[in-house]
Amino acid sequence: MNTSVRKRLTKFRVGGVVVAATAMIGLAGSPAFAQTNATVYGESARSNCAHSSKGVFTAEGEAFHLTDTCADGWDAVMKVDVAPYRSGGGYDFTIWNTGGNGSTKNVDKSYAEGTGVCIWAGYGEASSGEWTGFGPGSCGVA
């Protein structure tokens, strides 16, 4: 191999190492999406209960937990809106807990890292689909 070819190959090898090292540093320094949980409470139909329901989105594992927190004869309900968000109060799906006071309904999902998820909890009647009493919503990130 002549000297000029050897110099060019050495230059190419060194240049490749610099490019690879720069790419690795760039990946290591890029911010990851921060997973965020969300917790919400539904309004209560009874004065002796602070809330009718408690809804939780757990970012680790993308799980939803809906607890009926009041012995009021109503079912607990949670509306879920997953990014891209729907306008005008829209949502992607509901979760109903018909197990009664103290019971929790768990639903597992799978979302890409960084996906936004918003939830609202309330109360209603699962058999008719009628609901009310939704408290303020909260959003998390998977």
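Refer to the structure printed above.
Values in this document were obtained by computation on a predicted structure and should not be read as measured data. (Residues numbered from 1 in each chain as written. Predicted model: local features only at pLDDT ≥ 70, side-chain atom pairs only at ≥ 80, totals over all residues. Heavy atoms only, no water.)

A word on the environment of Ala38
- Relative to the assigned elements, Ala38 resides in strand S1 (residues 38-42).
- Taking the C-alpha atoms as reference points, Ala38 and Trp120, separated by 82 residues in sequence, lie 9.8 Å from one another.
- Ignoring any residue separated from it by four or fewer positions in sequence, one finds Ala38 in contact with Gly55, Val56, Phe57, Ile119, Ser138, Cys139 and Gly140. (Helix = DSSP H or I, 4+ residues; strand = E, 2+ residues; numbered from the N terminus. Contact = heavy atoms within 4.5 Å.)

Quick word on the packing of aromatic side chains
- For the structure on display, the rule yields six aromatic pairs.
- Aromatic pair Trp74 and Tyr123: ring centres 5.6 Å apart, planes at 55 degrees, arrangement tilted. Linking Trp74 in the loop between strand S3 (63-68) and strand S4 (75-82) with Tyr123 in strand S7 (residues 116-125), this pair joins segments that are 49 residues apart in sequence.
- With centroids separated by 5.4 Å and ring planes inclined at 90 degrees, the aromatic side chains of Trp131 and Phe134 adopt a geometry described as edge-to-face.
- Accessibility expressed as a relative area gives 28% for Trp131, which makes it partly exposed.
- Put simply, the rings of Tyr91, Trp96, Trp131 and Phe134 touch in pairs and so form one group of aromatic residues.
- Positioned above the aromatic ring of Trp120, the side-chain terminus of Lys79 is 5.9 Å from the ring centre.
- Here Lys79 stacks its cationic end above the ring of Phe134, 4.5 Å away from the centre of that ring. (Phe/Tyr/Trp six-rings, centres within 6.5 Å; stacked < 30°, edge-to-face > 60°. Buried < 20%, exposed > 50% of the residue type's maximum accessible area, 1.4 Å probe, protein only. Lys NZ or Arg CZ within 6 Å of the ring centre and 35° of its normal.)

Concerning the pattern of salt bridges
- Under the counting rule described, the total for this entry stands at one salt bridge.
- Among the salt bridges present, the one from Asp92 reaches Arg86, with a minimum N-O distance of 2.8 Å.
- In this structure Asp92 comes out as partly exposed when scored by relative accessible area, which is 31%. (Salt bridge = Lys/Arg side-chain N within 4 Å of Asp/Glu carboxyl O.)

Quick notes on the environment of Ser103
- Checked against the element boundaries, Ser103 lands in the loop between strand S5 (93-97) and strand S6 (104-108).
- Classification of Ser103 by relative accessible area gives buried; the value is 18%.
- The sequence separation of Ser103 and Thr69 amounts to 34 residues, and the corresponding C-alpha distance is 7.9 Å.
- Leaving out residues up to four positions away in the same chain, Ser103 has contacts with Leu66, Thr67, Asp68 and Asn97.

Quick look at the state of the cysteines
- This structure, assessed with the given rule, holds two disulfides.
- Between the sulfur of Cys49 and that of Cys70 lies a disulfide, 1.9 Å long from S to S. Classification of the bridge connecting Cys49 and Cys70 rests on its S-S torsion, roughly 80 degrees, and on that basis the disulfide is right-handed. Placement of the pair is Cys49 in the loop between S1 and strand S2 (53-58) and Cys70 in the loop between S3 and S4, with a sequence separation of 21 residues.
- For Cys70, a relative accessible area of 2% puts it in the buried group.
- Disulfide partner of Cys118: Cys139, at an S-S distance of 1.9 Å. One disulfide, between Cys118 and Cys139, carries an S-S torsion of 100 degrees and so falls in the right-handed class. With Cys118 in strand S7 and Cys139 in strand S9 (residues 138-141), this residue pair connects regions lying 21 residues apart in the sequence. (Disulfide = S-S within 2.5 Å.)

Let's talk about the side chain of Ser52
- Positionally, Ser52 belongs in the loop between S1 and S2.
- On the basis of relative accessible area, Ser52 is assigned to the buried category, the value being 2%.
- Among the polar contacts made by the side chain of Ser52, one reaches the main-chain carbonyl oxygen of Glu43 at a distance of 2.6 Å. (Polar contact = N/O pair within 3.5 Å; in protein donor to acceptor, adjacent residues only side chain to side chain.)

By themselves, these observations are geometric and do not establish any function.
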